[in-house]
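Below are the chains, spelled out letter by letter.
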Amino acid sequence: MVNNFPPLIARIKQEGKCLAGGVLKVDSFVNHQLDPDFLMLMAEEFNHRFVPQSYDKIITIEASGIAHAVMLGYLTNKKVVFAKKKKPSTMDQSHMLTTEVYSFTKNITQHICLSREFIRAGERVLFIDDFLANGKAAQGILDLVQQAQATLVGMGFIIEKSFQDGGKNLRQQQIHVESLASIASLDNNTITLAQ
Ligand code: G4P
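Each value, and the rule that gives it
Residues numbered from 1 in each chain as written. Predicted model: local features only at pLDDT ≥ 70, side-chain atom pairs only at ≥ 80, totals over all residues. Heavy atoms only, no water. Helix = DSSP H or I, 4+ residues; strand = E, 2+ residues; numbered from the N terminus. Expected span 1.5 Å × (residues − 1). Buried < 20%, exposed > 50% of the residue type's maximum accessible area, 1.4 Å probe, protein only. Pairing = 2+ DSSP bridges. Contact = heavy atoms within 4.5 Å. Axes fitted to C-alpha atoms, helices over the stretch in contact; angles between N-to-C directions. Lys, Arg positive; Asp, Glu negative; His and termini not counted. Salt bridge = Lys/Arg side-chain N within 4 Å of Asp/Glu carboxyl O.

A. Inspection of helix 5 (residues 136-147) at higher detail. Taking 1.5 Å as the rise per residue, helix 5 with 12 residues should run 16 Å; its terminal C-alpha atoms sit 16 Å apart, in good agreement. Burial in helix 5 covers these residues: Ala138, Gly140, Ile141, Leu142, Leu144 and Val145. Where helix 5 terminates, the next one or two residues include glutamine 149, which has phi positive at roughly 60 degrees.

B. Local environment of the sheet that holds strand 8 (residues 151-161). The strand order across the open sheet formed by 6 strands is 4-3-7-8-9-10, and the pairing between neighbours is mixed. Both outer strands of the open sheet, strand 4 (80-83) and strand 10 (192-193), are each paired with one neighbouring strand and no more. As defined by bridge partners, strand 9 (residues 177-185) adjoins strand 10 across 2 bridges and the pair is classed as antiparallel. Along strand 10, the bridge assignment pairs isoleucine 183 with leucine 193. Packed on one face of the sheet, helix 3 (residues 36-49) meets strand 7 (124-132), strand 8 and strand 9 and runs near 115 degrees to strand 9.

C. Layout of the side chain of aspartate 130. Inspection of the secondary structure puts aspartate 130 in strand 7. For aspartate 130, which is buried and forms no salt bridge, the nearest opposite charge comes from lysine 85, at a distance of 7.9 Å. Those residues in contact with aspartate 130 that sit more than four places away from it in its chain are Val30, Asn31, Ser64, Gly65, His68, Phe157, Ile158 and Ile159.

D. Broad picture of the environment of lysine 136. Relative to the helices and strands, lysine 136 resides in helix 5. Note on lysine 136: relative accessible area 36%, which makes it partly exposed. For the pair lysine 136 and asparagine 169, spaced 33 residues apart in sequence, the C-alpha separation works out to 10.0 Å. Once residues lying within four places of it in the same chain are set aside, the contact partners of lysine 136 are Val101, Tyr102 and Phe104.

Laid out in structure tokens, this is it:
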């Protein structure tokens, strides 16, 4: 169900720009410059949508998801773990979980990884990220969480592009998906919200 968060919608309308290929540029408050007060407002909204007692940790992925996840972690006093896009030389091989993520936007396949030390069997985790487009990153996170024998309790996104298939695919898997803004179209240089 679409549940657009009015302060975010106002900001997208004011500062968002449509780029070619169905890309929304929101560098001034999501992907480059960050506004901590506004990040906290969005974290509070996530905190209304996901009961904090239902999860133990927050998981995200490099790079833009981290700030959003940390704000929610600060608010709920929970640890935040981010999946890495490069295998760290310091990570013990025996602890490492990996999976492949294909990016349609960049047309590349990346290996993302996570240490078993930080997501343990039986833990309940909430995934937070900035964009939901094709959902490949989210699917990769689900794979890592399952490999760790942990439980995914939900996925929260700042902006969902509902004209791409990610949200539909995740919801078909009975995943609790919440997006603070759903964009139905970026055609004709116009931001059209999902209703
Ligand atoms: P998917 O993860 O949903 O499958 O999406 P896709 O492969 O299409 O997206 C790849 C990257 O592009 C992701 O960031 C995603 O957040 C970002 N992205 C997708 N659509 C948009 C958009 O309309 N606007 C902006 N600004 N970004 C978009 P990334 O490169 O993996 O990570 P990061 O380092 O930027 O966080």
